[in-house]
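Fold and geometry: a report
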Amino acid sequence: MNPISVFCDKLRMRDRQSPHHGPVTRFAPSPTGLLHLGHAYAALVAADAADSSGGIFLLRIDDIDRARSRAEFETAIYEDLSWLGLEWPKPVYRQSDHLDTYQSALAALDGLGVLYPCFCTRKQIQEEIARISDAPHGPEGALYPGTCRHLAMETRREWIEDGRPFAMRIDVARALATLEARPEFYESGAGPDGHQGQIAIRPELLGDVVLARRDIGTSYHLAVTVDDAAQGISLVTRGHDLFHATHMHVLLQTLLGLPTPDYGHHRLVRDAAGRRLAKRDAALSLRELRARGITPAAVREMALQRVA
Ligand code: GLU
């Protein structure tokens, strides 16, 4: 049996449609800080998309980064979302319970010959980008310049045997070359430049991203792709800052034989200076707003007013 079908069997994929045939949506925060107004907006968009058409809203805890995830932030997520009036089925899917599934997915991709080990440190990557005059760039800045893609097989083997730490990257050009056609996804919201409708993916915009970090053996891109399939998500709603990541996720879904959900990218909640909110913006944390006596209905209003 080929590695991908083994992997898909392991996922025990659920029926993607809810009994009422509405979308299955999700909100997937990382427990690395307190939720703020931007999270409230994202959670409400996902919950409303499900509720308005008889679908199901799921919560997921994106905690692959064990060094940054904290139990008290996970507890705060449950409390803050309940206070907002949201409900979700339990038990909640936590990434840290699925590390072996990410390994199966990684092995399946490796079996396709579309991965390579990368021994570069962050510093070496920065130096290489500064050194080469035509370093590749995407909409989000400089891309991995491909240093380790060109390493001789023999060197790779030697360095691995020597115990050098390495990450695993996807070779995007090689991955696309294994496919008959460019995969597409349906955008029901809007990308950063107003993209809508059926969109052919351009994972080159992100370049050869890391699929297995040297510290945790997986990555945001790999875990999210596997989780959305494992949870049967049929509509991914999230901020348009993740629009380019979607191109990578659809590539991974296609390579792994997983279904491609629809995507609805939404605008972001911004502060008074027009910057998107970050976890450091304690003043707009749901905790703080609640302590100031602001009601959940008022939080919803505030989020809508600040979205841009
Ligand atoms: N956990 C991710 C975050 O907090 C969101 C996952 C996603 O929507 O892809 O940014």
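Owing to the predicted nature of the structure, the values given are computational and were not obtained by experimental measurement. (Residues numbered from 1 in each chain as written. Predicted model: local features only at pLDDT ≥ 70, side-chain atom pairs only at ≥ 80, totals over all residues. Heavy atoms only, no water.)

**Brief notes about the site of the ligand**
Heads up, the rule is: Throughout, the term near means that a residue has one or more heavy atoms lying within 4 Å of the molecule or strand in question. The definition of a polar contact used here is a pair of N or O atoms within 3.5 Å, where within protein one atom must be able to donate a hydrogen and the other to accept one, and adjacent residues in sequence count solely through side-chain atom pairs. Per-residue and other accessible areas were derived by the Shrake-Rupley procedure at a 1.4 Å probe size, with only the shown protein chains allowed to occlude residues.
Near the ligand you find R26, A28, S30, D62, Y220, V224, R238 and L242, and these make up its full shell. The contact in question runs from a nitrogen atom of the ligand to an N or O atom on the side chain of D62, over 2.6 Å. Take Y220: an N or O atom from its side chain is 2.7 Å from an oxygen atom of the ligand. Protein coverage of the free-state accessible area of the ligand, which is 300 Å², stands at 75%.

**Here's the deal with unusual backbone geometry**
Most peptide bonds take the trans form, and the phi angle of most residues other than glycine is negative. To keep it simple, the criterion reads: Secondary structure elements follow DSSP: runs of H or I no shorter than four residues count as helices, runs of E no shorter than two count as strands, and numbering proceeds from the N terminus.
With an omega of 5 degrees, the peptide bond running from K90 to P91 counts as cis. Considering the arrangement of structural elements, one finds P91 in the loop between α3 (71-84) and β3 (93-94).

**Quick word on the packing of aromatic side chains**
Defined as follows: Note on ring pairs: Phe, Tyr and Trp rings are taken, using the six-membered ring of Trp, and paired if centres are within 6.5 Å. Classes follow the plane angle, with under 30 degrees stacked, over 60 edge-to-face and the rest tilted. When accessible area is computed with a 1.4 Å probe and restricted to protein chains, residues below 20% of their type maximum are described as buried, those above 50% as exposed, and intermediate ones as partly exposed. Any Lys NZ or Arg CZ that is within 6 Å of a ring centre and within 35 degrees of that ring's normal is treated as a charge sitting over the ring.
Applying the stated criterion across every chain, the model contains 5 aromatic pairs. Judged by centre distance (5.5 Å) and plane angle (75 degrees), the ring pair of F185 and Y263 falls under edge-to-face. With F185 in strand β8 (residues 184-187) and Y263 in strand β12 (residues 262-266), this residue pair connects regions lying 78 residues apart in the sequence. Both residues of the pair, F185 and Y263, count as buried. Grouping aromatic residues by their ring pairs yields a cluster made of F119, W159 and F166. The ring of W88 carries the charged tip of K90 above its face, separated from the ring centre by 4.8 Å. The ring of Y144 has R169 sitting right over it, with the charged end atom 3.6 Å from the ring centre.

**A look at the confidence of the model for the protein**
Short version of the rule: The pLDDT value expresses, per residue, how confident the predictor is, ranging between 0 and 100. In what follows, residue pairs with any heavy atoms lying within 4.5 Å of each other are defined as contacts.
Confidence in the prediction for the protein averages 92 pLDDT; 92% of positions are at 70 or higher. Segment residues 1-6 is flagged for pLDDT under 50; beyond a separation of four residues in sequence, or across chains, it makes 8 contacts in the model.

**Section: the sheet that holds strand β7 (residues 167-170)**
Quick note on the threshold: Following DSSP output, two strands are said to pair if at least two bridges run between them. Angles shown run from 0 to 180 degrees and are taken between the N-to-C directions of axes, each axis being a line fitted to C-alpha atoms and, for helices, limited to the stretch in contact.
Here we have 3 strands laid out as an open sheet, ordered β4-β7-β10, and antiparallel in their pairing. Because the sheet does not close on itself, it has two edges, and the strands there are β4 (115-118) and β10 (210-212). Across the sheet, the mean angle separating the axes of adjacent strands is 45 degrees when strand polarity is ignored. In this sheet, β7 lies alongside β4 in antiparallel orientation, the contact comprising 4 bridges. When the bridges of β7 are listed, C118 appears paired with A167.

**Description of the pattern of salt bridges**
Our working definition: For this analysis, a salt bridge means a side-chain nitrogen from Lys or Arg found within 4 Å of a carboxyl oxygen belonging to Asp or Glu.
Counted by the stated rule, this structure contains 24 salt bridges. D80 is the salt-bridge partner of R290, the closest N and O atoms lying 3.3 Å from each other. Remark: D80 occurs in helix α3 and R290 occurs in helix α10 (residues 286-291); sequence separation between them is 210 residues. Under the relative-accessibility criterion, D80 is labelled buried at 0%. We note a salt bridge from D97 to R94, for which the minimum N-O separation is 3.9 Å. Since its relative accessible area comes to 47%, D97 is described here as partly exposed. Of the residues examined, R94 reaches a relative accessible area of 24% and is grouped as partly exposed. Three or more residues are tied together by salt bridges with common partners; here these are R26, R60, D62, D227 and D228.

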